[in-house]
Number of protein chains: 2
Amino acid sequence: MGDKLKGNMMIAQSGGPTVVINQSLVGAITEARKHGQIKNIYGSLNGIKGVMDEKLVDLRKETAGTLNRVAFTPCAALGSVRKKPGAQDCEIILRMLQKYDIRYFFYIGGNDSAETANILKESAKEVNYEFRCFHIPKTIDNDLLENDHTPGYGSAAKFVAMAVMGDNLDNMSLPGVKIDIIMGRHAGFLVAASALARVRETDGPHLIYFPEKPFTKEQFVRDVENAYSKHGRCLIAVSEGIADEKGEAIASKFIKEVDTHGNIQLSGSGVLGDLLSDMVRQELKVSRVRADTFGYLQRSFPGIFSDVDAKEACEVGRLAVRYAISGNMNGSVSVKRKSGKKYGVYFELVPLEKVARNTRSMPERFINKQCNDVTVDFINYAKPLAGKLPDIGFLKYRPAMRRE
Amino acid sequence: MGDKLKGNMMIAQSGGPTVVINQSLVGAITEARKHGQIKNIYGSLNGIKGVMDEKLVDLRKETAGTLNRVAFTPCAALGSVRKKPGAQDCEIILRMLQKYDIRYFFYIGGNDSAETANILKESAKEVNYEFRCFHIPKTIDNDLLENDHTPGYGSAAKFVAMAVMGDNLDNMSLPGVKIDIIMGRHAGFLVAASALARVRETDGPHLIYFPEKPFTKEQFVRDVENAYSKHGRCLIAVSEGIADEKGEAIASKFIKEVDTHGNIQLSGSGVLGDLLSDMVRQELKVSRVRADTFGYLQRSFPGIFSDVDAKEACEVGRLAVRYAISGNMNGSVSVKRKSGKKYGVYFELVPLEKVARNTRSMPERFINKQCNDVTVDFINYAKPLAGKLPDIGFLKYRPAMRRE
């Protein structure tokens, strides 16, 4: 198969973890072991940081049994990092790649990781080092360009749908206003998945707010008031990334941490939920107002994953290796959806620069006119990705015969 | 079996939901249907509020299929309430009980619900109304007196253990200080369950803080510093109910809501996690500090329950009905553990007043000397209650051969 560039392989993981990111890792390792032109298989600990610090592990020494268990274990088994390599970093990395005769490099991550892969590819080209560099997609945010959806999203969507399903029952048990803050810095795909929680028409979430649409206190309070008076309760799903009309994230006014890719840290704090709770308490006469911030559980909860997502995550890892050994190329493995009613995907190699840097948002057709809910189009899009949800039972509530 | 007091039955749910509270409901309904001396089976919506407002449903009309699905559905299928009946309320309730010829009353809930049941029992006695009143235990807090553990706890413990298991992997992937706020107003049983997440010695939670032991900023900061320098990261499980040396909850300084039983509302806000994050950021040189508040997911997440817990929750419901029809008595069904190595339970009827009002805390033997972790005794106690946890796989991390 393909040409015969012989050498060693290196693989690493980067960015926020997902529940299926190790599926991609194991898919790639397992595939690489089948091909003689790949000699050593190195794992770099904590992304490119491990290359720079020469913290490398020998992945040929892992048994199939271990790898199989690791595949179903959440979060980056090799450790992760949030780091964009500067010019000096690139020099160090390149020296290491040459030292270890790395000819195949695989970076599992989001758009920032694709950018890193692209930078490394360009650096290698400058010094005429023969090197094949691949990005393997993962992100719960589902915001990669060139992809119908990204590995990691389906499982996070399933977790969010299940959590909101439970919270809807909780909110029915003890009625009030409940706000759930859901991950997604710039893209509303994950908060949108809360809509999958609905079983009956009256089920929450009754309102959904996206980072793509300007958030105003006025509309929020009015929406909550309407929903509360209609249902006697109100369950609201809010993206952590909701922003004002100038595009400034509401939470960013209270949070200061920024990573080296320039991303403001929105997760890991309850500040946005508490802020919105206070708005409702102040503006409306509702005594019971609560907020939960789902936080890191959305990307790390063990045992809850979408079967489709796990399979696809494994497949993009496997395919990256097959592309790499089949010829002189670089790229990102993208997930495309087949047309037709039955769900199916195919994969395509796309240039790294097309996935790097920019991200995508929810298409207009997925958000309703009032900008406070999803459309049927979104439900049809997301349902097969999240897969089967728990079966919920409701009493029929037949009123008892009145006595005089 | 027993005497032949004929009449109608009423059942209701009260307090915070659990994932298995409907097991108790369905256990009681299913048992009641077997006994001819119970005629109508009324469900009161939202606890005693439904009795007062005459919002009653006919539970004989529910099919076995519906009931089976409801049993595995989290949160109170009949709705819940947090309400302590005053003298006037009791009058109204008693009138309703007589009007509907209710001779058997079952209240599923925590110690506040046992208190309510006891108040109703006494009110009925005063007017010589023949009436059998039972409390069916549930609480994720595990704080009922007279019980080895309470239905609802095992499943919540499983959720907490799974969440912390995932968060430990997340914290390994992207090292830093991570704080998880876990439910439990006065009792540390649930935060203690985070210890079940550990697979290897280095796994988090590295520190656990209980509401039973005075929380000081000084010890907290020192503990975190030590753990962080030992592990290069630090995962901390903190009870929402941690209190200062005077017993005042740390979070209560920021939260104002109080229910009619006099309980301060600690859940549904991220304030405590953010406060502790700020402490770590200010006092230690750690750049990455995050806090998640697990919130209502701990008591309402569908599909995650402990098998043992589900079975026992069904059994206490079933047994309450059997006690009720077997003779002139009242009480609370309590769960006791058999002695011996193999896990097993038996049930006992205890007087309502023994379970009402007061709650229990973690025994001293479950908390370590430093007051920042559990003991082996606790692990042995809690493990069979939470049941099986997901299988986690770790790479062996065999260092790669160094090159020169």
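Residues numbered from 1 in each chain as written. Chains lettered and ligands numbered in written order. Predicted model: local features only at pLDDT ≥ 70, side-chain atom pairs only at ≥ 80, totals over all residues. Heavy atoms only, no water.

(A) Summary view of the environment of Glu-348 of chain B. With respect to the secondary-structure elements, Glu-348 of chain B resides in strand E11 (residues 345–350). Judged by relative accessible area, which is 34%, Glu-348 of chain B ranks as partly exposed. (Helix = DSSP H or I, 4+ residues; strand = E, 2+ residues; numbered from the N terminus. Buried < 20%, exposed > 50% of the residue type's maximum accessible area, 1.4 Å probe, protein only.)

(B) Highlighting the pattern of salt bridges. Throughout the structure, instances matching the rule amount to 55 salt bridges over all chains. One salt bridge connects Arg-402 of chain A with Glu-54 of chain B, and the closest N-O pair in it is separated by 3.3 Å. Pair noted here: Arg-402 of chain A is in the segment after helix H13 (376–386) and Glu-54 of chain B is in the loop between helix H2 (48–52) and strand E3 (56–58), and the two residues belong to different chains. On the basis of relative accessibility, which here comes to 53%, the residue Arg-402 of chain A falls in the exposed class. With its nearest N and O atoms 3.0 Å apart, the salt bridge here joins Lys-99 of chain B to Glu-54 of chain B. You can see Lys-99 of chain B sitting in helix H4 (residues 87–99) and its partner Glu-54 of chain B sitting in the loop between H2 and E3, a full 45 residues away along the chain. Note on Lys-99 of chain B: relative accessible area 27%, which makes it partly exposed. According to the relative accessible area criterion, Glu-54 of chain B is buried, its value standing at 11%. (Salt bridge = Lys/Arg side-chain N within 4 Å of Asp/Glu carboxyl O.)

(C) Local environment of the sheet that holds strand E7 (residues 207–209) of chain B. Residues and elements named next belong to chain B. Strand order across the open sheet formed by 4 strands is E7-E8-E6-E9, with parallel pairing between neighbours. Edge positions in the sheet fall to E7 and strand E9 (289–293), since each of these pairs with one other strand and no more. Going from strand to strand, the sheet's axes swing by 15° on average, the running direction of each strand aside. Pairing of strand E6 (residues 177–182) with strand E8 (residues 234–239) involves 6 bridges; the strand directions are parallel. (Pairing = 2+ DSSP bridges. Axes fitted to C-alpha atoms, helices over the stretch in contact; angles between N-to-C directions.)

(D) How the structure looks around the relation of the copies chain B and chain A. The transform that puts chain B on chain A rotates by 180° and translates by 0.0 Å along the axis, for an RMSD of 0.0 Å. Within this description, the copies of the chain are treated as partners about a two-fold rotation axis. Taking C-alpha positions as reference, the residue of chain B nearest the rotation axis is Gly-270 of chain B, located at 2.0 Å. Comparing interface residues between copies, 100% of those in chain B also sit at the interface in chain A, which points to an isologous, same-surface contact. (Least-squares fit on C-alpha atoms with pLDDT ≥ 70 in both. Contact = heavy atoms within 4.5 Å.)

(E) Main features of the packing of aromatic side chains. Residues and elements named next belong to chain B. This model, assessed by the stated rule, comprises 33 aromatic pairs over all chains. With a centroid separation of 5.3 Å and an interplanar angle of 45°, the aromatic rings of Phe-159 and Phe-301 are classed as tilted. One end of the pair, Phe-159, is in helix H6 (residues 153–173); the other, Phe-301, is in the loop between helix H10 (297–300) and helix H11 (307–326), and 142 residues separate them in sequence. The two residues Phe-159 and Phe-301 agree in class, both being buried. Seen in terms of ring centroids, Tyr-209 and Phe-220 are 5.5 Å apart; in terms of plane orientation they differ by 70°. Their pairing is edge-to-face. Taken together, the residues Tyr-209 in strand E7 and Phe-220 in helix H8 (residues 217–231) connect sequence positions 11 residues apart. Grouping residues by exposure puts Tyr-209 and Phe-220 together as buried. (Phe/Tyr/Trp six-rings, centres within 6.5 Å; stacked < 30°, edge-to-face > 60°.)

(F) Representation of the sheet that holds strand E11 (residues 345–350) of chain A within the structure. Residue and element names in this part refer to chain A. As summarised here, the arrangement of the 7 strands in space is E3-E2-E1-E4-E5-E10-E11, forming an open sheet in which the pairing is mixed. The sheet is open, and its two edges are formed by strand E3 (56–58) and E11, each paired on a single side. Each strand of the sheet is rotated relative to its neighbour by a mean of 30°, with strand direction disregarded. Alignment of strand E1 (residues 7–13) against strand E4 (residues 102–109), held across 6 bridges, turns out to be parallel. By the bridge assignment, Gln-13 is partnered in E4 with Ile-108. With respect to the sheet, helix H11 (residues 307–326) is in contact with E1, strand E2 (38–44), E4, strand E5 (132–137), strand E10 (331–337) and E11, its orientation differing from that of E5 by roughly 170°.

(G) Representation of helix H6 (residues 153–173) of chain A. The end-to-end C-alpha distance of H6 of chain A is 30 Å, a good match for the 30 Å that 21 residues give at a rise of 1.5 Å each. Burial runs high along H6 of chain A: 20 of the 21 residues are buried. (Expected span 1.5 Å × (residues − 1).)

(H) Quick peek at unusual backbone geometry. Cis geometry is found at the peptide bond from Gly-204 of chain A to Pro-205 of chain A, where omega equals 10°. Counting through the fold element by element, Pro-205 of chain A comes out in the loop between helix H7 (189–192) and strand E7 (207–209). A positive phi angle, near 65°, is found at Asn-142 of chain A, a position not held by glycine. We note that Asn-128 of chain B has phi near 60°; this positive angle belongs to a residue other than glycine. Considering the arrangement of structural elements, one finds Asn-128 of chain B in the loop between helix H5 (111–126) and strand E5 (132–137). Overall, Asn-128 of chain B belongs to the exposed group, its relative accessible area being 72%.

(I) Geometry of the packing of H6 of chain A against H13 of chain A. Residue and element names in this part refer to chain A. It is at 8 Å that the axes of H6 and H13 come closest, and there the two elements cross at 100°. As the angle between them shows, H6 and H13 are arranged roughly perpendicular. Side by side, H6 and H13 meet where Tyr-153, Gly-154, Ala-157 and Lys-158 of the first sit next to Phe-378, Tyr-381, Ala-382, Leu-385 and Ala-386 of the second. Here the residues of the contact of H6 with H13 sort into 7 nonpolar, 1 polar and 1 charged. (Parallel < 35°, antiparallel > 145°, perpendicular 65-115°, else oblique. Nonpolar A, V, L, I, M, F, W, Y, C, P; charged D, E, K, R; others polar.)

Purely geometric numbers; function is a separate question.
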